[in-house]
Amino acid sequence: MNLRFGFWASILILSLSITGLSIRFLADEHVPLSQSLVARGVVCLALVFGWASYQRLALVPKSFKTQAVRAFVAGLALTFFSMSYNWLSASTVAVLSNIDIPVLVILGSLIGQNSRLRTKLLSLLSIVILAIYTLSLQHQAHWILGISVLGVGTVLLCFGYFFIKKSMSEENEAITVLTPSIAIILYGLAQISFEPATLAGWSSLSLVAVIISGIGMFGAYYATMRLYELTNITMAEFPTLLSSIAIQPMEAVFFRESVSASHLWLSVIFVSVTYLILRSENKQALA
């Protein structure tokens with residue numbers, strides 16, 4: 001199990017990293033968000049069709065209502081996440097988006113979900129660490145706008161977890177990836193219809209980047225499902241945390257930027273604290 005977990009965890013980390021870097025590249029190239037969403041969704045959708053055909057999986061959901069609601073939430077969340085790259089670095093998005101883990105613990109306590117006092121305190125500590133990280137971004141232009149947009153996407157993602165869990169228990173794996181793929185295509189097309197855009201912002205590198213982002217999106221969903229087979233959902237989230245550290249040197253190399261030592265250390269501390277939260281939650285689930 002350890003080797004299989006390590007393999008799929010590595011695939012997930014790589015998928016999340018290349019997706020984030022690709023989306024930032026497209027934002028830097030001023031490729032319209034609407035077109036970026038549609039193209040990424042089409043690439044991911046093509047991979048879903050190929051996978052479903054190979055595995056002989058049905059692409060008609062059993063519950064259209066559940067998938068429709070999930071598509072609305074997932075599409076909106078992915079749209080806001082992608083939009084935040086216009087003002088934030090890929091590393092910043094990767095780190096701050098993980099606030100959903102401690103937030104879910106705190107929200108769970110408010111609605112009656114039992115959590116240990118240690119877990120609650122660790123969750124508050126991790127939120128404080130991210131607050132310090134956020135304040136260190138003040139020198140960046142439009143950082144408040146970027147944080148606000150990312151915050152909306154993160155909140156929507158928290159609500160989306162319920163529908164993902166429900167979907168995986170009711171539908172086959174292909175439907176789990178199909179829904180968000182179609183969702184971002186529809187959201188992109190809706191934006192294009194309101195704000196017609198040209199293809200002037202596209203270049204050969206932009207085309208490569210959007211293909212990579214679609215592959216990364218598919219890879220992230222596929223690797224996550226494989227991890228869910230090997231362990232519980234709580235521990236399957238850990239590679240997502242590691243990707244927020246792995247992406248920082250990668251972004252520095254590809255975009256010729258220096259790695260911020262303070263940001264890297266805050267990220268490491270946050271990941272360490274969040275790992276303790278995940279372990280505590282895992283022990284409580286097994287108790």
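This structure is a prediction, so every number in the text was calculated from the model and none was measured. Residue numbering note: each chain is counted from 1, following its sequence as written. In keeping with the predicted nature of the model, local features appear solely for residues at pLDDT of at least 70, side-chain atom pairs appear and are counted solely at 80 or more, and the whole-chain, interface and lining totals rest on all residues. With hydrogens and water excluded, all non-hydrogen atoms of the structure serve as input to the side-chain values.

### Things to note about the overall build of the protein chain
Phase 1: Note on conventions: DSSP H or I runs of at least 4 residues are helices, E runs of at least 2 residues are strands, and numbering of each starts at the N terminus. Helices and strands together make up the secondary structure of the protein chain, namely 12 helices and 0 strands.
Phase 2: Along the protein chain, helices and strands appear, N-terminal first, in the series α-α-α-α-α-α-α-α-α-α-α-α.
Phase 3: By the burial criterion, 49% of the 287 residues in the protein chain qualify as buried.
Phase 4: Counted over contacts in the protein chain with a minimum sequence separation of 6, partners at least 24 positions apart contribute 89%. Only protein chains enter the accessibility calculation, which uses a 1.4 Å probe. A residue is then buried if its area is under 20% of the maximum for its type, exposed if over 50%, and partly exposed in between. Contacts between residues were defined by any pair of non-hydrogen atoms, one from each residue, lying within 4.5 Å.

### Notes on the packing of helix H2 (residues 33-55) against helix H3 (residues 64-84)
Phase 1: Note on definitions: angles span 0 to 180 degrees between N-to-C directions of axes, and those axes are lines fitted to C-alpha atoms, for helices only across the stretch in contact. Packing of H2 against H3 brings their axes to within 11 Å, and their N-to-C directions diverge by 125 degrees. Viewed along their axes, H2 and H3 adopt a mutual orientation that is oblique. Of the two possible hands of crossing, H2 and H3 adopt the one that is right-handed. Two secondary-structure elements touch here, H2 through Leu33, Leu37 and Arg40 and H3 through Leu78, Thr79, Ser82 and Met83. The scheme is simple: roughly parallel for angles under 35 degrees, roughly antiparallel for over 145, roughly perpendicular for 65 to 115, oblique for anything else. Left-handed describes a crossing whose near helix is turned anticlockwise from the far helix by less than a right angle; the clockwise case is right-handed.

### Observations concerning the packing of H3 against helix H8 (residues 173-194)
Phase 1: Between H3 and H8, the shortest axis-to-axis distance is 8 Å and the interhelical angle comes to 60 degrees. Compared by their axis directions, H3 and H8 come out oblique. The interaxial crossing formed by H3 with H8 has right-handed handedness. Of the residues in H8, those in contact with Gln67, Arg70, Ala71, Phe72, Ala74, Gly75, Leu76, Leu78 and Thr79 of H3 are Ile175, Thr176, Thr179, Pro180, Ala183, Ile184, Tyr187 and Gln191.
Phase 2: Think of it as three bins: nonpolar holds Ala, Val, Leu, Ile, Met, Phe, Trp, Tyr, Cys and Pro, charged holds Asp, Glu, Lys and Arg, and polar takes everything else, Gly as well. The class makeup of the residues in the contact of H3 with H8 is 10 nonpolar, 6 polar and 1 charged.

### Some details on the environment of Val268
Phase 1: Within the secondary structure layout, Val268 lies in helix H12 (residues 261-286).
Phase 2: Residue classification places Val268 among the partly exposed positions, given a relative accessible area of 29%.
Phase 3: Between the C-alpha atom of Val268 and that of Ser244, which follows or precedes it by 24 residues, the distance is 9.0 Å.

### Points about a nonpolar patch on the surface
Phase 1: On the surface, a nonpolar cluster with roughly 230 Å² of combined accessible area is contributed by Leu47, Ile211 and Ile215.
Phase 2: By the secondary structure assignment, Ile215 is in helix H9 (residues 204-230). Note on patches: the residues involved have over 30% relative accessible area and no salt bridge, like charges join within 9 Å, and the nonpolar side chains Val, Leu, Ile, Met, Phe, Trp and Tyr join within 5 Å. For the accessible areas, the method is Shrake-Rupley and the probe is 1.4 Å, while residue cover comes only from the protein chains on display. When a carboxyl oxygen of Asp or Glu is within 4 Å of a side-chain nitrogen of Lys or Arg, the pair counts as a salt bridge.

### Regarding the packing of aromatic side chains
Phase 1: Between rings of Phe, Tyr and Trp, where Trp is taken as its six-membered ring, a pair exists when centres lie within 6.5 Å; planes separated by under 30 degrees are stacked, by over 60 edge-to-face, and by other angles tilted. All told, the structure shown has 6 aromatic pairs when counted by the stated rule.
Phase 2: Aromatic ring contacts, followed pair by pair, group Phe7, Trp8, Trp51, Phe218 and Tyr222 into a single cluster.
Phase 3: We count a charge as sitting over a ring when the NZ of a lysine or the CZ of an arginine lies within 6 Å of the ring centre and within 35 degrees of the ring normal. Positioned over the ring face of Phe255 is Arg24, at 4.1 Å from the centre of the ring.
Phase 4: Here the basic side chain of Arg226 rests over the ring of Tyr222, its NZ or CZ set 4.7 Å away from the ring centre.

### Side note on the pattern of salt bridges
Phase 1: Here the structure, examined in full by the defined rule, presents 5 salt bridges.
Phase 2: The partner of Arg24 in a salt bridge is Glu257, and the shortest N-O contact between them spans 2.6 Å. Of this pair, Arg24 sits in helix H1 (residues 2-28) while Glu257 sits in the loop between helix H11 (238-254) and H12, and the two are 233 residues apart along the sequence.
Phase 3: For Arg24, a relative accessible area of 10% translates into the label buried.
Phase 4: Under the relative-accessibility criterion, Glu257 is labelled partly exposed at 35%.
Phase 5: Between Glu173 and Arg226 there is a salt bridge, with its nearest N and O atoms 2.3 Å apart. With Glu173 in helix H8 and Arg226 in helix H9, this residue pair connects regions lying 53 residues apart in the sequence.
Phase 6: With a relative accessible area of 24%, Glu173 lands in the partly exposed category.

### A word on unusual backbone geometry
Glycine aside, negative phi is the norm for most residues, and most peptide bonds take the trans geometry.
Phase 1: You will see that Arg56, though not glycine, has its phi angle at about 55 degrees, which is positive.
Phase 2: Tracing the backbone through its elements, the reader meets Arg56 in the loop between H2 and H3.
Phase 3: A residue is classified by how much of its surface remains accessible, and Arg56, at 79% relative accessible area, is exposed.
Phase 4: We note that Arg256 has phi near 55 degrees; this positive angle belongs to a residue other than glycine.
Phase 5: Tracing the backbone through its elements, the reader meets Arg256 in the loop between H11 and H12.
Phase 6: Taking relative accessible area as the criterion, Arg256 reaches 81% and is therefore assigned exposed.

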